[in-house]
Amino acid sequence: MSAPQNHSAEPRTIGILGAGRVGTAVGRQALKAGYGVMVATSKPAEDIALMVQIMTPGAVAVTAAEAADADIVVVAVPLHKCRTLDPDLLGGKTVIEAMNYWAPVDGEIDDFENDDRTSSEIVQDYLAGSNIVKTLNHIGYHDLEVDGQEPGYEGRRALALAGDHQGAKDLVSRFINRIGYDAVDAGPLEAGRSFQPGTEIFNGSHTAEQLRSILSADREPVRL
Ligand SMILES: NC(=O)c1ccc[n+]([C@@H]2O[C@H](COP(=O)([O-])OP(=O)(O)OC[C@H]3O[C@@H](n4cnc5c(N)ncnc54)[C@H](OP(=O)(O)O)[C@@H]3O)[C@@H](O)[C@H]2O)c1
């Protein structure tokens, strides 16, 4: 196991597992913000080197183990592939979980269909040693590169994040801010329920103030 992560240090490197629509969009946005970006898939690094060079110029194609060495690891693989990730590689790491369980698109997946927990809690169970932060799941991959603005921009779009490890959330908040979005802490991982597919947050674009208002309404007890 590597040395414990210092969550107050500024993250410099981003490792991305998944080089599809989301992984490459996050990669390009992170490169624009000045991060060192490493990208891995389930294939050997040399097999994806050309694709990475074309899709995310400036990023480096690496193995999953090398990507897992980054300050923040982004998991952007289809949810049904999440159990092909190696939990040992991601132990002790800050992991952005950008996946969604969306049966109409992905088909029904037993693990997720028949469990009342949020998809991220189930993923956290599997990646037990990682500090999972759910975010980036409720912005379309195409919007991610269009909607980002400098801090202080009026009407700047916000992204919610949820996780059980405060240090990991702080680290990820700084990353989200640097790639163009206000970060709004929704609370523990369970609170990610408010921005899963089908929710108002998932279906829209919101400022930080609007997100906070929706999240706080979601926390209100239902009066019968
Ligand atoms: N579409 C959106 O706008 C959007 C927005 C936010 C979040 N999401 C969520 O983001 C996730 C990814 O979506 P996507 O549209 O980017 O998928 P995608 O285009 O199908 O790409 C998936 C990538 O994951 C790689 N992969 C599969 N298993 C892997 C493993 N064990 N380790 C590393 N890489 C692996 C695949 O490459 P190989 O198979 O070659 O390994 C591929 O590069 C989904 O859960 C989706 O719900 C989507």
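Reading the values: the criteria
Residues numbered from 1 in each chain as written. Predicted model: local features only at pLDDT ≥ 70, side-chain atom pairs only at ≥ 80, totals over all residues. Heavy atoms only, no water. Buried < 20%, exposed > 50% of the residue type's maximum accessible area, 1.4 Å probe, protein only. Helix = DSSP H or I, 4+ residues; strand = E, 2+ residues; numbered from the N terminus. Pairing = 2+ DSSP bridges. 1 Å grid on protein atoms, 1.4 Å probe; cavity = no way out; pocket = protein on both sides within 12 Å on 5 of 7 lines; lining within 4 Å. Points joined across faces, edges and corners; volume = space filled by probe spheres on them. Nonpolar A, V, L, I, M, F, W, Y, C, P; charged D, E, K, R; others polar. Near = heavy atom within 4 Å. Polar contact = N/O pair within 3.5 Å; in protein donor to acceptor, adjacent residues only side chain to side chain. Areas by Shrake-Rupley, 256 points an atom, 1.4 Å probe, with all protein chains shown as cover. Core = buried A, V, L, I, M, F, W, Y, C linked by side-chain atoms within 4.5 Å. Contact = heavy atoms within 4.5 Å. Axes fitted to C-alpha atoms, helices over the stretch in contact; angles between N-to-C directions.

**Here we look at the pairing of strand β4 (residues 72–75)**
Here is step 1 of the chain: Of the two faces of β4, the one carrying Ile-72 and Val-74 and the one carrying Val-73 and Val-75 are both buried.
Here is step 2 of the chain: Sheet topology places strand β1 (residues 13–17) next to β4; four bridges connect them, and they run parallel. Bridge pairing in β4 places Ile-16 opposite Val-74.
Here is step 3 of the chain: Across three bridges, the pairing between β4 and strand β5 (residues 94–97) is parallel. By the bridge assignment for β5, Val-74 is matched with Ile-96.

**Remarks on the layout of surface pockets**
Empty space among the atoms becomes visible once a probe the size of a water molecule is rolled across them.
Here is step 1 of the chain: For the largest pocket, the calculated volume is near 1200 Å³.
Here is step 2 of the chain: As for the largest pocket, its lining consists of 43 residues, and the residues nearest its centre are Arg-21, Val-22, Ala-76, Val-77 and Pro-78.
Here is step 3 of the chain: Residue assignment for the lining of the largest pocket shows that the elements contributing at least two residues are α1 (21–32), α4 (103–106) and α7 (141–144).
Here is step 4 of the chain: Across the lining of the largest pocket, the residue classes tally to 24 nonpolar, twelve polar and seven charged.

**Quick notes on the site of the ligand**
Here is step 1 of the chain: In the neighbourhood of the ligand, 25 residues make up the surrounding shell, with Ala-19, Val-22, Ser-42, Lys-43 and Thr-84 lying closest.
Here is step 2 of the chain: Contacts to the ligand include Ser-42, whose side-chain N or O atom sits 2.4 Å from an oxygen atom.
Here is step 3 of the chain: Ala-98 is positioned with one of its backbone polar atoms (N or O) 3.5 Å from an oxygen atom of the ligand.
Here is step 4 of the chain: Computed on the free molecule, the ligand has an accessible area of 910 Å², of which 81% lies beneath the protein chains in the complex.

**Concerning the nonpolar core**
Here is step 1 of the chain: Membership of the largest hydrophobic core comes to 30 residues, with the highest contact counts inside it found for Ile-14, Tyr-35, Leu-136 and Phe-175.
Here is step 2 of the chain: Counting only elements with at least two residues in this core, the list comes to β1, α1, β2 (36–40), α2 (45–55), β4, β7 (158–163) and α8 (166–178).
Here is step 3 of the chain: For this core, the element with the most residues is α8, which contributes five residues.
Here is step 4 of the chain: Setting aside residues up to four positions removed in sequence, Leu-136 forms contacts with Val-26, Val-74, Ile-96, Ala-98, Leu-144, Leu-159, Phe-175, Ile-176 and Ile-179.
Here is step 5 of the chain: Ranked by size, the runner-up nonpolar core spans 24 residues in total, among them Met-38, Ala-40, Ala-67 and Cys-82.

**Structural notes on the sheet that holds strand β3 (residues 60–61)**
Here is step 1 of the chain: Pairing within the open sheet is mixed, and its eight strands lie in the order β3-β2-β1-β4-β5-β6-β7-β8. On the outer flanks of this sheet lie β3 and β8 (182–187), each paired with one strand and no other.
Here is step 2 of the chain: Relative to β7, strand β6 (residues 131–134) is paired through two bridges, and the arrangement is antiparallel. From the neighbouring strand, Lys-134 faces β7, where its bridge partner is Ala-162.
Here is step 3 of the chain: Docked against the sheet, α1 engages β1, β2 and β4, running at close to 170° with respect to β1.
Here is step 4 of the chain: On top of the sheet, α8 reaches β1, β4, β5, β6, β7 and β8; it is set at about 155° to β8, its chief contact.

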